[in-house]
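Fold and geometry: a report
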Amino acid sequence: EALYRASREIRGEDSEYAPNHRIVPAVYSWLSGASFAQAVKFCPDFEGNFVHVLQRLSELVRQLSECLPNLGDGYIDLGPMLEDLQERLRRGIVIYESIYLA
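Residues numbered from 1 in each chain as written. Predicted model: local features only at pLDDT ≥ 70, side-chain atom pairs only at ≥ 80, totals over all residues. Heavy atoms only, no water.

1. Observations concerning the overall build of the protein
The number of helices and strands found in the protein is five helices and zero strands. Mapped in sequence order, the helices and strands of the protein form the string α-α-α-α-α. For the protein, the proportion of its 102 residues judged to be buried stands at 23%. Taking contacts inside the protein between residues at least 6 apart in sequence as the whole, the part at least 24 apart equals 49%. Total accessible area computed for the protein in this model is approximately 7400 Å², and 58% of it derives from carbon and sulfur atoms. (Helix = DSSP H or I, 4+ residues; strand = E, 2+ residues; numbered from the N terminus. Buried < 20%, exposed > 50% of the residue type's maximum accessible area, 1.4 Å probe, protein only. Contact = heavy atoms within 4.5 Å. Areas by Shrake-Rupley, 256 points an atom, 1.4 Å probe, with all protein chains shown as cover.)

Now the structure itself:
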């Protein structure tokens, strides 16, 4: 962990926006339908960080969905796929603004 943080600092990556590839298995698990407790087992970070990543992914998918009409007919097939992805992202604890209110 310390080496990982140090390498990000050397490369000048902002910790909030730097890629965190270690969380991919947890996200994959969540998108595959696992419960929050099951998905978090794959997450090396705090649960709140995992929720934040899912919320950011959901926002990205929302923005991509809004862009589709401007891209033309060649991308119309992405609409249903993005809707499905959004449904799989936005469930359970992820839909709450704060996990402390859940």
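Alright, that's what it looks like, and here's the rest.
2. A few points about a nonpolar patch on the surface
Among the surface-exposed residues, Leu-71, Tyr-75, Leu-78 and Met-81 lie close enough to one another that they form a single nonpolar patch of about 390 Å² accessible area. Within the secondary structure layout, Tyr-75 lies in the loop between helix H4 (47-71) and helix H5 (78-89). (Patch = residues over 30% accessible without salt bridge, like charges linked within 9 Å, V, L, I, M, F, W, Y side chains within 5 Å. Salt bridge = Lys/Arg side-chain N within 4 Å of Asp/Glu carboxyl O.)

3. Quick word on the pattern of salt bridges
Summed over the entire model, instances satisfying the criterion amount to four salt bridges. Put simply, Arg-62 and Glu-59 hold a salt bridge, and the shortest N to O gap is 2.4 Å. Here Arg-62 and its partner Glu-59 are both found in helix H4, three residues apart, which amounts to about one turn of the helix. Ionic pairing is found between Arg-88 and Asp-84, a salt bridge with its closest N-O pair at 3.2 Å. A residue pair is termed a helical-turn pair when its members lie 3 or 4 positions apart in one helix, as Arg-88 and Asp-84 do in helix H5 at four residues. A single salt-bridge network, built from bridges that share partners, covers Glu-59, Arg-62 and Glu-66.

4. A few points about H5
Over its 12 residues, H5 runs 16 Å from end to end, which matches the ideal 16 Å to within 8%, given 1.5 Å per residue. Listed as buried for H5 are Gly-79, Leu-82, Gln-86 and Leu-89. One side of H5 carries all its buried residues, which in axial view fall inside an arc of 90°. Away from its buried face by more than 90 degrees, H5 exposes Pro-80, Met-81 and Glu-87. If you follow the buried residues of H5, they end up packed against helix H2 (24-31) and H4. (Expected span 1.5 Å × (residues − 1). Arc of directions from axis to C-beta.)

5. Description of the packing of aromatic side chains
Evaluation of the coordinates by the stated rule reveals three aromatic pairs. Relative to Phe-50, the ring of Trp-30 has its centre 6.4 Å away and its plane inclined at 90°; by these criteria the two rings are edge-to-face. On the criterion of sequence distance, the pair formed by Trp-30 in helix H2 and Phe-50 in helix H4 is long-range, its members being 20 residues apart. Ring geometry for Phe-36 and Phe-50: centres 5.9 Å apart, planes at 40°, overall tilted. With Phe-36 in helix H3 (residues 36-40) and Phe-50 in helix H4, the pair connects residues that are 14 residues apart, well separated along the chain. Taken together, the ring pairs in this structure connect Trp-30, Phe-36 and Phe-50 into an aromatic cluster. (Phe/Tyr/Trp six-rings, centres within 6.5 Å; stacked < 30°, edge-to-face > 60°.)

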